[in-house]
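Structural overview
Here's the letter readout for the chains.
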Amino acid sequence: MIVKHPFFSLLFLLIDLFSVSTVFAQTNQKAECDCLEAFTFISNYVEKNQASFRHVVTADQRPAYKTFKRGIRRQIQKEGKRRCSLFLHQYMAYFKDHHSQVHAESTLDVSDPDQLKAFLASATFRNTETVVMDSAKAYDYVKHSNDPVEGIYDLYGSYQVLIQKNKNAYRDYYGVLLQTKSPTWEPGQVKLELKRMAADTYQYQGYLQDHSLSLELLTIDQPVTRIGEWTKLYPVATTAPKHVQDSIPTDLTTFKLLDDSTAYLSISTFSREYLSVLDSTFQALTPVLQRTPYLLIDVRDNGGGSSLAYQRLLPLLYTHPSTDDSFTEYLATSGIIERYENLLKNSPNPALTSYRKDLIQQMKQVPEGTFIRLRQDQPKADSTSKIRLENPRKVVILYNRNCGSSCETFVLAGMRSKKVVTVGENSGGYIGYGNIMTIPVPNSAYVLESSTTRNPALVQYEYTGIPPMRKVPAQTSWIEFARQELGRP
């Protein structure tokens, strides 16, 4: 099973087009910014205005943070030109906040001949690491390799690479292009890098069409058949994969009876866009669910949306009165106040005007750097029906690493019920921080996205995710394991 963390994706664009007079050239001259200057701006802003900084860097942690920051600065001074985005990512990852990140924006249009010509003449293209590589020798090499990661991999028929051991300070493997259909890449160029972080966990550094950097944290199971979106072509694995996640339905909802006493309901998203459809679907299913003893709710790959989307399901889970003691705390700083005031002025939203005005007023009444709770934000008693339904008697909520945000709050709501068992693997960990502000980094193409709120009760799950009550064992069908859990007393 491959676990992806899209919140790690950072775009890296360092392009010098000199006199090229296209929008692409103008934008990417900004991307050729002084990396140290960009880092100084970002770190200064984060230290003053980011909720996760205030939570993570407590007084006793400041010496460790300062040491870490000096290390990032030294790396930038040494190799900031080529690996600026990598170092900025490493800095932001320190705060274990999935919502806060830095990325660079690109305007490259490969269908525009002038832009493509300018890109192929740019420093970014010319300076991309290139290795002399022969395809026949590459196949012969991996044929005799005992390393399970090494091999020939394909990306949707557009790229083919040899992934081979090649260790330096930033990687353990690199992926060298053997074939490409992209006009912005050539055989021999390094398309990806892998850095081993733990036994089966790797930092994936993939270079996109414009050679900008995309960062992900991947879990690579044995035997290796895929790395992220790359499919292994050769050598082909001869043993079964470690995890068997079955196929995950992609329709908005999927409902079926697995047998005469077990119902299966998959939900691919809780997006606000589908609130009315989900509500009417759950309402229509309620009578049959109330006649069925066992219910398996599958929210694998559900990236969340709105907690309003699952409210009609909560009465099916209810067993006893409970209180949701999570609440949002807002960081009050002059910088955040200024941005809320700009939102009031430049992005008026009648539905949010009263909330923003009240928030600004409360922030101005407390010292700089204080976390506040809105006056109306108090612990919430369970608002579902106070009737414990006879059916379903037992419910399993099945989830994986791609369950995030309101999918995770649904899991937590289920965990307050005595009839619910959670099954799968740790969720995504997008639950402790939020309310993101977007800040352009001066004199660069970088944009900083920074959290301004925290939820003290949920910060423990940020980054690491919510552990299931029952973890699916290796070489086991997730659906079958979940059904077995339904049958346990």
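Presented here is an overview of the structure given in this document. These numbers were taken from a predicted model, which means no experiment stands behind them. Each chain has its residues counted from 1, following the order in which its sequence is written. The predicted origin of the model limits local features to residues at a pLDDT of at least 70 and limits the giving and counting of side-chain atom pairs to 80 or more, whereas totals for whole chains, interfaces and linings rest on all residues. With hydrogens and water set aside, each side-chain value is computed from the structure's full complement of heavy atoms.

1. Let's talk about the overall build of the protein chain
Stated formally: Segments assigned H or I by DSSP are reported as helices when at least four residues long, segments assigned E as strands when at least two residues long, and all are numbered from the N terminus. Relative accessible area decides the class of each residue, using a 1.4 Å probe on protein chains only: under 20% of the type maximum gives buried, over 50% gives exposed, and in between gives partly exposed. Two residues qualify as a contact provided that any one of their heavy atoms is within 4.5 Å of a heavy atom in the partner residue. Methods summary: accessible areas were calculated by the Shrake-Rupley approach with a probe of 1.4 Å, and residue burial reflects only the protein chains presented.
Counting its regular elements, the protein chain contains 13 helices and 21 strands. Within the span of the protein chain, comprising 489 residues, buried residues form 52% of the whole. The long-range share in the protein chain, meaning contacts at least 24 apart out of those at least 6 apart in sequence, stands at 70%. Here the protein chain has roughly 22,200 Å² of accessible surface; of this, 51% comes from carbon and sulfur atoms.

2. Some details on the state of the cysteines
What counts here: Note on terminology: disulfide denotes any pair of cysteine sulfur atoms within 2.5 Å.
Counted according to the given criterion, the structure contains two disulfides. Each disulfide pairs two cysteine sulfurs, and for C35 the partner residue is C84, the sulfurs being separated by 2.0 Å. One quick way to see it: the torsion about the S-S bond of C35 and C84 is about 90 degrees, and its sign makes the bridge right-handed. With C35 in helix α2 (residues 35–49) and C84 in helix α4 (residues 62–93), the pair connects residues that are 49 residues apart, well separated along the chain. Disulfide partner of C403: C407, at an S-S distance of 2.1 Å. Taking the sign of the S-S torsion, about -110 degrees here, the bridge from C403 to C407 comes out left-handed. Classification of C407 by relative accessible area gives buried; the value is 0%.

3. Digging into α4
Heads up, the rule is: Each residue after the first adds 1.5 Å to the expected span of a helix. Bending is quantified residue by residue as the angle between axes fitted to the seven-residue window ending at that residue and the seven-residue window starting at it.
Between its first and last C-alpha atoms α4 spans 16 Å; for 32 residues at 1.5 Å apiece the expected length is 46 Å, and the helix comes up short by more than 12%. G80 marks where α4 bends most, by close to 130 degrees.

4. Here we look at the sheet that holds strand β5 (residues 190–196)
Applied cut-off: DSSP-based pairing: two strands are paired if at least 2 bridges between them are found. Axis angles are defined between N-to-C directions and span 0 to 180 degrees, where every axis is a line fitted to C-alpha atoms and, for a helix, only to the segment in contact.
Read across the open sheet, the eight strands follow the order β7-β6-β5-β4-β3-β2-β9-β8; overall the sheet is antiparallel. Here the strands that pair on one side only, and so sit at the sheet edges, are β7 (213–219) and β8 (226–227). Note that β8 and strand β9 (residues 230–234) share two bridges and pair antiparallel. Looking at β9, one finds that I227 is bridged to W230. Across the sheet, α4 lies against β3 (159–168), β4 (171–180), β5, β6 (201–207) and β7, angled at about 140 degrees from β6, the strand it touches most.

5. Describing unusual backbone geometry
Note that the residue after Y234, namely P235, is joined by a cis bond; omega there is -10 degrees. When you line up the elements, P235 lands in the loop between β9 and β10 (253–259). The omega angle of the peptide bond from N391 to P392 is -5 degrees, so this bond is cis rather than trans. If you trace the backbone, P392 turns up in the loop between β16 (380–381) and β17 (394–399). Residues other than glycine seldom take positive phi values, yet H211 does so here, at roughly 70 degrees. With respect to the helices and strands, the residue H211 is situated in the loop between β6 and β7. Even without being a glycine, Y463 presents a positive backbone phi close to 80 degrees. Topologically, Y463 is positioned in the loop between β20 (446–454) and β21 (470–471).

6. Some remarks on a positive patch on the surface
Rule in force here: Patch membership is restricted to residues that have no salt bridge and whose relative accessible area is over 30%. Joining uses 9 Å for like charges and 5 Å for the nonpolar side chains Val, Leu, Ile, Met, Phe, Trp and Tyr. A pair is scored as a salt bridge if a Lys or Arg side-chain nitrogen falls within 4 Å of a carboxyl oxygen belonging to Asp or Glu. Lys and Arg are tallied as positive, Asp and Glu as negative. Neither His nor the chain termini are counted. Working definition for charges: the position is that of NZ of Lys, CZ of Arg, CG of Asp or CD of Glu.
A cluster of basic residues, R62, K66, R70 and R74, forms a positive patch at the surface. Here R62 lies in helix α4. Exposure remark for R62: the relative accessible area of 36% places this residue in the partly exposed category.

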